[in-house]
Structures are given as C-alpha cells and as structure tokens.
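Each chain, letter by letter, is given below.
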Amino acid sequence: MFSGAQHKNVSADKVAYSALLHSPVLLNYTLVMQSMGAWRIAAYALIVYCATLVFYRLFFHPLAKFPGPKVAAISRWYEAYYDVVLGGKYTKKIAELHEIYGK
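The rules behind each value
Residues numbered from 1 in each chain as written. Predicted model: local features only at pLDDT ≥ 70, side-chain atom pairs only at ≥ 80, totals over all residues. Heavy atoms only, no water. Phe/Tyr/Trp six-rings, centres within 6.5 Å; stacked < 30°, edge-to-face > 60°. Buried < 20%, exposed > 50% of the residue type's maximum accessible area, 1.4 Å probe, protein only. Patch = residues over 30% accessible without salt bridge, like charges linked within 9 Å, V, L, I, M, F, W, Y side chains within 5 Å. Areas by Shrake-Rupley, 256 points an atom, 1.4 Å probe, with all protein chains shown as cover. Salt bridge = Lys/Arg side-chain N within 4 Å of Asp/Glu carboxyl O. Helix = DSSP H or I, 4+ residues; strand = E, 2+ residues; numbered from the N terminus. Contact = heavy atoms within 4.5 Å.

Focus: the packing of aromatic side chains
Phase 1 of the analysis: Inspection of the entire model under this criterion finds six aromatic pairs.
Phase 2 of the analysis: A ring pair is formed by Tyr81 and Tyr82, whose centres lie 5.4 Å apart and whose planes are at 80 degrees; its orientation type is edge-to-face.
Phase 3 of the analysis: The exposure class of Tyr81 is partly exposed, given its relative accessible area of 41%.
Phase 4 of the analysis: A centroid spacing of 6.4 Å and a plane angle of 45 degrees characterise the contact between Tyr82 and Tyr90, whose relative ring orientation is tilted.
Phase 5 of the analysis: Classification of Tyr82 by relative accessible area gives buried; the value is 16%.
Phase 6 of the analysis: Judged by relative accessible area, Tyr90 falls into the buried class, the value being 17%.
Phase 7 of the analysis: Three or more aromatic residues joined by ring pairs make a cluster, and in this case those are Tyr78, Tyr81, Tyr82 and Tyr90.

What follows is the structure, encoded as structure tokens:
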C-alpha cells in the first residue's frame, strides 16, 4: 500500500503509461510490426532473387546465345501456357518457332 506521501510521487500519467507499455494490445502490435519488417525483407529478397535469375537466364545461361522468344528463356510458364491453357499446343508452337528462328 502507498502512503499519502508515496502516492503523490507517482503521478497518474506514469501509472497509465506503465499500464499501456505492459498491455497485451501494445505487445501484440509491436510483434506485428516487427514481423512486418521481416516480411518486407523477405519480399525484397524474393524480388532481388527473381530479377537476378531473369538477368542470368537472358545473358549468362549457356542457352542464352540461341535465338527465340525471351519470355520462353525466362521461365517455364511459357511452355505451361501452351500445354495447360491452350490444350497441349506447345509442340506445334515449337515447330512454328523453328520456322521463325531457324533450326
């Protein structure tokens, strides 16, 4: 228990501030903000990885010297589009690309 003299030394603002600092709401908010920082770093790392991979595949990959569509050189989604969305027409597209770019 506080005596009258001790209670005067502890202002209501300090008590409220101390309660706010130790509240579960503020602690959860702090943890969320810290985890958002980690997600932001992970997102930037993923962007840098993808950009580096695209750059490598376009300029330094052993197959980069061969002509063809650059979208097909970047990822396998080009093939997946023709096989899945267009119903297996990738082999016909390869024949067309050979006509365009040579054999």
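Some details on a nonpolar patch on the surface
Phase 1 of the analysis: A contiguous nonpolar patch, built from Phe55, Tyr56, Phe59 and Phe60 and spanning about 470 Å² of accessible area, is present on the exposed surface.
Phase 2 of the analysis: Within the element layout of this structure, Phe55 appears in helix α3 (residues 24-59).

Considerations on the pattern of salt bridges
Phase 1 of the analysis: A full pass over the atoms with the stated rule returns two salt bridges.
Phase 2 of the analysis: Residues Arg76 and Glu79 are paired through a salt bridge, measuring 3.0 Å at the closest nitrogen-oxygen approach.
Phase 3 of the analysis: Judged by its relative accessible area of 64%, Arg76 falls in the exposed class.
Phase 4 of the analysis: Note that Lys93 is salt-bridged to Glu96, the shortest N-O span being 3.7 Å. Here Glu96 and Lys93 lie together in helix α6 (residues 90-101), a separation of three residues that amounts to about one turn.
Phase 5 of the analysis: Classification of Lys93 by relative accessible area gives buried; the value is 14%.
Phase 6 of the analysis: The class for Glu96 is partly exposed, based on a relative accessible area of 44%.

Examining the environment of Lys93
Phase 1 of the analysis: Distance in space between the C-alpha atoms of Lys93 and Glu79 is 9.3 Å, their sequence separation being 14 residues.
Phase 2 of the analysis: The contacts of Lys93, once residues within four sequence positions are left out, are Tyr78 and Tyr82.

Description of the environment of Lys89
Phase 1 of the analysis: Here Lys89 shows up in the loop between α5 (77-85) and α6.
Phase 2 of the analysis: A relative accessible area of 44% places Lys89 in the partly exposed class.
Phase 3 of the analysis: In the structure, Lys89 is positioned ten residues away from Glu79 in sequence and 9.1 Å away in space, judged by C-alpha atoms.
Phase 4 of the analysis: If we skip the residues at most four places from it in the chain, Lys89 touches Tyr82 and Asp83.

That is the geometry; function is a separate question.
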